[in-house]
Amino acid sequence: MSLIDIVLKQFPDMRLLKNEPLSRHTTFKVGGPADIMAFPRNEEELAFLFGASKQASLPVTVIGNGSNLIVRDAGIRGLTIALGDEFSGIEVNGNTITAKAGELLSKIARTAYNHALTGLEFASGIPGSLGGGMAMNAGAYGGQLSDVCVSARVLDPETGVITEYEANDLSLGYRSSMPLETGKIVTEAKFMLKTGDKEQILKTMEDLNARRREKQPLAFPSAGSTFKRPEGYFAGALIESANLKGVSVGGAQVSALHAGFIINTGSATAQDILDLIKHVQKTVFEKHGVHLETEVRILGE
């Protein structure tokens, strides 16, 4: 039995796609096809997909909404699981918000505002979803998810077991976490916020989003900040001082607006982007002696 047959026998309504171009599922708008792509709706379906893939001897890759991701031009073999719209939901209970992995961080921040809860304003302009955001401990403008997270449900793909972890046990650091290091999957997270003034919350969100629009190349496909912040430096400043602003490889370009972003000007391939990343890393190292680590995940063949 093929993987698709195994899955549809158990969950006939699950959305499955064959040879799906991943350029449709990444904010960089690049990437070859996924052999099989599945869109589970809950933890039971997600755990089943891992078991079925093991039965069919197929590798598994998990993505969110593709906002911090480069998929190489030959695509991804085996099964690609997308935790997106189907795997979403938000629940507010007093000062806590619980959200599923596929929920957009911007929508969670907006929900907090609607309930006059403060603490997630920084996330209102982050384009990622919660699962990937938790794995990377997403943050912006001085805030990060670890500031407000109290717990998360995490799936172990090897066993199919889901465990609820306290925030302290998630090892949430700068763009790192226990799930990211171990290959486990955050399926849901809970945040403790404070009661705030709705007007002030909205003002803060609008201010942060205005700063984002002014300083970031939002008109072009990208994956956000391409590089991690090196200790004691800012990646964008290092790249700019190496005279790399506006430098291109094929359709990929170091943004003239913010040197920390590589953008797709319209015709970039994943290889263009990867070649430009290498060129930036090499040039910055030669000029400043600093190695820039990528913040984006790089997947596929």
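Here we summarise the structure given alongside this text. (Residues numbered from 1 in each chain as written. Predicted model: local features only at pLDDT ≥ 70, side-chain atom pairs only at ≥ 80, totals over all residues. Heavy atoms only, no water.)

1. Topic: the nonpolar core
Ranked by size, the top nonpolar core spans 29 residues in total, and within it Leu120, Met134, Leu170 and Phe191 carry the most contacts. Going through the elements one at a time, strand E7 (96–100), helix H3 (105–114), helix H4 (130–136), strand E11 (149–155) and strand E13 (185–192) are the ones with two or more residues in this core. Sorting elements by how many residues they give to this core places H3 first, with 4 residues. Grouped together as the second largest cluster of nonpolar side chains are 25 residues, Val254, Ala268, Ala270 and Leu292 included. (Core = buried A, V, L, I, M, F, W, Y, C linked by side-chain atoms within 4.5 Å. Buried < 20%, exposed > 50% of the residue type's maximum accessible area, 1.4 Å probe, protein only. Helix = DSSP H or I, 4+ residues; strand = E, 2+ residues; numbered from the N terminus.)

2. Here's the deal with the packing of H3 against helix H6 (residues 198–215)
Where H3 contacts H6, the axes come no closer than 9 Å and their chain directions differ by 155°. The angle between H3 and H6 places the two elements in the roughly antiparallel class. Only Lys198, Ile201, Leu202 and Met205 of H6 make contact with H3, whose side of the interface consists of Ala109, Arg110, Tyr113 and Asn114. For the contact of H3 with H6, a count of residues per class yields 5 nonpolar, 1 polar and 2 charged. (Axes fitted to C-alpha atoms, helices over the stretch in contact; angles between N-to-C directions. Parallel < 35°, antiparallel > 145°, perpendicular 65-115°, else oblique. Contact = heavy atoms within 4.5 Å. Nonpolar A, V, L, I, M, F, W, Y, C, P; charged D, E, K, R; others polar.)

3. As for the pattern of salt bridges
For the coordinates displayed, the defined rule picks out 14 salt bridges. In this structure, Lys107 engages Glu103 in a salt bridge whose closest nitrogen and oxygen atoms are separated by 3.6 Å. Take Lys107: its relative accessible area is 46%, and that puts it in the partly exposed class. It is possible to trace a salt-bridge network through shared partners that takes in Asp35, Arg77 and Glu301. (Salt bridge = Lys/Arg side-chain N within 4 Å of Asp/Glu carboxyl O.)

4. Some thoughts on the sheet that holds strand E2 (residues 33–39)
Strand order in the open sheet formed by 4 strands is E1-E2-E5-E3, with mixed pairing between adjacent strands. One side of each edge strand has no neighbouring strand; the edge strands of this open sheet are strand E1 (15–21) and strand E3 (60–63). The sheet shows a mean angle of 30° between the axes of neighbouring strands, taken without regard to direction. Looking at chain direction, E1 and E2 are connected through 6 bridges and run antiparallel. Residue pairing across strands places Pro21 opposite Pro33, the latter belonging to E2. Of the strands in this sheet, E1, E2 and strand E5 (76–82) touch helix H1 (residues 3–10), which is tilted by about 155° from E1. Packed on one face of the sheet, helix H2 (residues 43–55) meets E2, E3 and E5 and runs near 165° to E5. (Pairing = 2+ DSSP bridges.)

5. Some words on the sheet that holds strand E18 (residues 261–264)
The strand order E15-E18-E17-E16 describes an open sheet built from 4 strands, whose pairing is antiparallel. Looking at strand neighbours, the two that pair on one side only are strand E15 (222–225) and strand E16 (248–249), the edges of this open sheet. In the sheet, strand E17 (residues 252–254) pairs with E18 via 3 bridges, with the strands oriented antiparallel. Bridge pairing links Gln253 to Ile263 in E18. Here helix H8 (residues 270–288) sits on the sheet and contacts E16, E17 and E18; the angle it forms with E17, its principal contact strand, is near 30°.

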